[in-house]
Amino acid sequence: MLNVENLTLHYGQSQILYDVNLRAEAGQVTAVMGTNGVGKTSLLKAISGRHPYSGGMITVGDAALNHPSAFEAARAGIAYVPQGREVFPLMTVQENLQSGFACLPKDAHTIPDKIFELFPVLAEMKDRRGGDLSGGQQQQLAIARALITKPRVLLLDEPTEGIQPNIIQQIGRVIAQLRDEGEMAIVLVEQFFDFAYDLADEFVALNRGEVVLSDPKAKVTREALMERVSI
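Residues numbered from 1 in each chain as written. Predicted model: local features only at pLDDT ≥ 70, side-chain atom pairs only at ≥ 80, totals over all residues. Heavy atoms only, no water.

So, on to the sheet that holds strand β5 (residues 63-65). Here 4 strands make up an open sheet; going across it, the order is β2-β1-β4-β5 and the pairing antiparallel. Strands with a single pairing partner mark the edges of an open sheet, and in this sheet they are β2 (14-24) and β5. Geometrically, the sheet is characterised by an average inter-axis angle of 30° between neighbouring strands, direction not taken into account. When strand β1 (residues 2-11) meets β2, the two strands line up antiparallel, connected through 7 bridges. Paired with Leu7 across the strands is Val20, a residue of β2. Packing against the sheet, helix α1 (residues 40-47) makes contact with β1, β2 and β4 (55-60), and its axis sits at approximately 115° to β1. (Pairing = 2+ DSSP bridges. Helix = DSSP H or I, 4+ residues; strand = E, 2+ residues; numbered from the N terminus. Axes fitted to C-alpha atoms, helices over the stretch in contact; angles between N-to-C directions. Contact = heavy atoms within 4.5 Å.)

Next comes the structure, spelled out in structure tokens:
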């Protein structure tokens, strides 16, 4: 379980996040929504150790993370799939997957069969360079690489951006399967409203760096949510 309390974040003199609270439970998808520029990606970067935050607390399970580096966050069980994928273009699919070993003990340096069950195309392309894959294939590779780390928390930043519809459907099925297995908390930042609405169990809407809605799906109507995330 991930718990974010009163998180603030600055870029230089500009404050981006204002006392953001977020709770993500294992076996659930928590969708963070809002228009461009409201702080969604900044929130994921803070949680994953990609950008320092100014105040607040992040815990995974019972362990408090004290301004972790990206490596320390990964060791704590947080996996981040960034917007833009960040696949290593000159490395093969297999080598990209193996880069996920960095935060694991040496005896865990194996690619589970489940990775290729979730993303069969990666098995077919293990020896292809990451830069030669299509956008949809790169997105599958980025998610698979994150899963190699055996995360307790999976952060997904705009996984459908620039992806063809059939791959979007496959990624949606993978997210649903991971949620239903109940072993990790999934935080989904997504502009594709229908994709996020269909998958999510909890919604957090941001506006100008502040939480303006935080409710389970059962307590918020589709119309009310749409209004909040379209401000």
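Tracing the chain through its elements places Leu225 in helix α9 (residues 222-229). Ignoring sequence-local partners within four residues, the contact set of Leu225 consists of Met33, Phe193, Tyr197, Phe203, Leu213 and Val220.

With that settled, the discussion passes to helix α6 (residues 135-148). Here α6 spans 20 Å end to end across 14 residues, near enough to the 20 Å set by a 1.5 Å rise per residue. α6 sits mainly inside the fold: 13 of its 14 residues count as buried. Directly beyond the C-terminal end of α6, a positive phi value near 55° is found at Lys150. (Expected span 1.5 Å × (residues − 1). Buried < 20%, exposed > 50% of the residue type's maximum accessible area, 1.4 Å probe, protein only.)

Throughout the structure, instances matching the rule amount to 3 aromatic pairs. When the centroid spacing of 5.8 Å and the interplanar angle of 10° are considered together, the rings of Phe193 and Tyr197 count as stacked. Placement of both Phe193 and Tyr197 in helix α8 (residues 193-199) is noted, with a separation of 4 residues, approximately one turn of the helix. For the pair formed by Phe193 and Tyr197, the shared burial category is buried. An angle of 15° between the planes, with centres 5.6 Å apart, marks the rings of Tyr197 and Phe203 as stacked. Take Tyr197: its relative accessible area is 15%, and that puts it in the buried class. Three or more aromatic residues link up through ring pairs in this structure, and these residues are Phe193, Tyr197 and Phe203. The ring of Tyr197 carries Lys217 above its face, with NZ or CZ at 4.7 Å from the centroid. (Phe/Tyr/Trp six-rings, centres within 6.5 Å; stacked < 30°, edge-to-face > 60°. Lys NZ or Arg CZ within 6 Å of the ring centre and 35° of its normal.)

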